[in-house]
Amino acid sequence: METKVIELTENTLDTPESEEVLKEAGSIIKNGGLVAFPTETVYGLGGDALNPESSRKIYAAKGRPSDNPLIVHIADIEDLRPIVKTIPEKAKKLADAFWPGPLTMIFEKADIVPRETTGGLETVAVRFPSDPVAAAFIEHAGGYIAAPSANTSGRPSPTLAKYVVEDLSGKIEMILDGGQACIGLESTIVDTTVEPPMILRPGYITKAMLEKVLGEVDVDKTLLTDDSGQAPKAPGMKYKHYAPKGDMAIVTGEADEVVKRINDLTAKALSEGKKVGIFCSSDTAASYDKRAVIKPAGSASDEDSVARELYRILREFDDENVEVIYSEAFDYGGVGAAIMNRLLKAAGRRVL
Ligand code: TXA
Ligand code: MG
């Protein structure tokens with residue numbers, strides 16, 4: 001299949017040309033096809049959420065296990081009601097505070113949502129993205145878009161359309177290129193069917209932000225340690241995600257010690273003939289061994305930048321055939337919790 005790649009940005013959304021593109025994208029979805037599209041978090045691989053055949057195609061295109069449920073994306077708060085059994089009071093509060101935006105909530109599903117979309121579960125994950133291109137696309141496509149991140153299963157989520165092209169070209173009908181995703185990490189997932197509500201995946205909407213609206217909020221404890229012996233509540237969190245091809249480790253400690261330690265480890269790996277990559281902040285980038293591939297993600301105090309650049313850098317290490325990756329650790333405050341969650345997964349939890 002030939003995959004059309006079409007630029008569609010917020011600034012040109014109102015033009016007749018864009019309207020044509022949106023109509024075409026919408027009709028692909030209504031006919032059971034797949035369109036990748038930008039959101040404020042990462043690119044999504046969209047299909048009609050109410051069509052079981054579309055969800056099957058999504059799993060096939062991604063190479064994703066079909067027990068790993070998809071998120072249903074809406075572009076109008078009125079569209080929530082028909083796809084869920086009930087809307088808990090706390091979910092209403094979170095929707096008021098954070099929708100549209102990078103928050104996904106779990107509800108009990110209504111019958112019209114096929115089990116193919118929910119990976120066999122009786123619950124459904126729903127997200128209302130704030131990206132204007134995403135919103136326009138969802139509206140033109142009938143209002144309900146099932147979309148996982150638009151990467152091949154096991155690769156980092158795409159923050160640029162070129163990475164969607166790399167992973168999915170030839171497998172889907174169309175890719176809408178809206179430029180770089182501004183957040184760069186997947187949405188925060190909150191289960192609103194339990195009391196207190198529980199964070200199943202950390203993201204840009206932090207625990208503190210949720211608590212400000214709700215009071216007490218739990219965190220799925222399998223996210224914090226992997227020795228609980230339990231499966232994570234979001235089925236996708238159990239898979240080895242976001243993994244670069246190189247062996248990765250995170251180095252913790254005081255800033256100067258971390259630099260020294262990474263330089264020592266780098267020298268050793270280089271002496272063994274290995275290609276080394278370093279994931280670091282721009283504050284320390286100049287202190288590292290120049291023989292390594294050094295990739296700063298922004299200042300450690302600018303966690304938004306680190307979040308935005310993280311997946312791009314992991315992919316670049318792959319493209320440059322880096323064999324060993326050392327990463328600095330970042331603070332857990334705010335978005336830092338989500339950054340560290342993704343880094344730990346990428347490193348298979350190897351911390352030095
Ligand atoms: O930011 C995002 O959420 C992006 C963009 C495209 O919106 N989407 C995304 O989708 O990250 P995906 O499929 O890569 O991750 C969805 C996660 C998986 O870990 C899945 O197991 C979990 O959500 N999930 C989906 N439905 C669920 C449910 N009913 N109960 C528990 N977890 C669920
Ligand atoms: Mg994903």
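Let me begin by describing the structure that accompanies this report.

Rules and cut-offs
- Residues numbered from 1 in each chain as written.
- Chains lettered and ligands numbered in written order.
- Predicted model: local features only at pLDDT ≥ 70, side-chain atom pairs only at ≥ 80, totals over all residues.
- Heavy atoms only, no water.
- Near = heavy atom within 4 Å.
- Polar contact = N/O pair within 3.5 Å; in protein donor to acceptor, adjacent residues only side chain to side chain.
- Helix = DSSP H or I, 4+ residues; strand = E, 2+ residues; numbered from the N terminus.
- Contact = heavy atoms within 4.5 Å.
- Buried < 20%, exposed > 50% of the residue type's maximum accessible area, 1.4 Å probe, protein only.
- Phe/Tyr/Trp six-rings, centres within 6.5 Å; stacked < 30°, edge-to-face > 60°.
- Axes fitted to C-alpha atoms, helices over the stretch in contact; angles between N-to-C directions.
- Parallel < 35°, antiparallel > 145°, perpendicular 65-115°, else oblique.
- Left-handed = near helix turned anticlockwise from the far one by under 90°.

### Overview of the site of ligand 1
Every one of the 29 residues lining ligand 1 counts as a neighbour, but Thr41, Arg64, His73, Ser187 and Gly236 are closest to it. Arg127 places a side-chain nitrogen or oxygen 2.9 Å from an oxygen atom of ligand 1. Within the side chain of Arg201, a nitrogen or oxygen atom sits 2.9 Å from an oxygen atom of ligand 1. Listed by contribution, the elements that provide at least two residues to the shell around ligand 1 are strand E4 (71–73), strand E6 (123–127) and strand E10 (198–201). Sorting elements by how many residues they give to the shell around ligand 1 places E6 first, with four residues.

### Some points on the side chain of Glu316
Structurally, the position occupied by Glu316 is in helix H8 (residues 303–319). Those residues within four positions of Glu316 in sequence are excluded, and the remaining contacts are Tyr163 and Lys295.

### Here's the deal with unusual backbone geometry
Geometrically, the link from Trp99 to Pro100 is a cis peptide bond, its omega value of -5° lying close to zero. As for its position among the elements, Pro100 is in the loop between helix H3 (89–98) and strand E5 (103–108). Look at the link from Glu195 to Pro196: it is a cis peptide, with omega at -5°. Here Pro196 shows up in the loop between strand E9 (188–191) and E10. With a phi close to 55°, Asn321 is a non-glycine residue in the positive phi region. Within the secondary structure, Asn321 sits in the loop between H8 and strand E15 (324–328). Unusually for a residue other than glycine, Arg349 sits at a positive phi of about 65°. When you line up the elements, Arg349 lands in the segment after helix H9 (336–346). Residue class for Arg349 comes out partly exposed when judged on its relative accessible area of 31%.

### Description of the side chain of Ser187
Assignment of secondary structure puts Ser187 in the loop between strand E8 (174–177) and E9. Within the structure, Ser187 has its side chain in polar contact with the side chain of Thr104 (distance 2.7 Å). When near neighbours in sequence (up to four residues on either side) are disregarded, Ser187 contacts Thr41, Ile71, Pro102, Leu103, Thr104, Arg127, Arg201, Pro202, Gly203 and Arg342.

### Brief notes about the packing of aromatic side chains
The way to describe two aromatic rings as a pair is by their centre distance and the angle between their planes. Scanning all chains against the criterion turns up three aromatic pairs. Measuring from ring centre to ring centre gives 6.0 Å for Phe279 and Phe330, while their planes differ by 75°; the resulting arrangement is edge-to-face. Here Phe330 lies in the loop between E15 and H9 and Phe279 lies in strand E13 (residues 276–280), a separation of 51 residues in the sequence. On the basis of relative accessible area, Phe330 is assigned to the buried category, the value being 9%.

### Some details on the packing of H8 against H9
Two numbers describe how H8 lies on H9: the axes approach to 9 Å, and their chain directions differ by 20°. One element, H8, and the other, H9, form an angle in the roughly parallel class. Our pair here, H8 against H9, has a crossing hand that is left-handed. Here Glu303, Val306, Ala307, Leu310, Tyr311 and Leu314 of H8 come into contact with H9, specifically with Gly336, Ile339, Arg342, Leu343 and Ala346.

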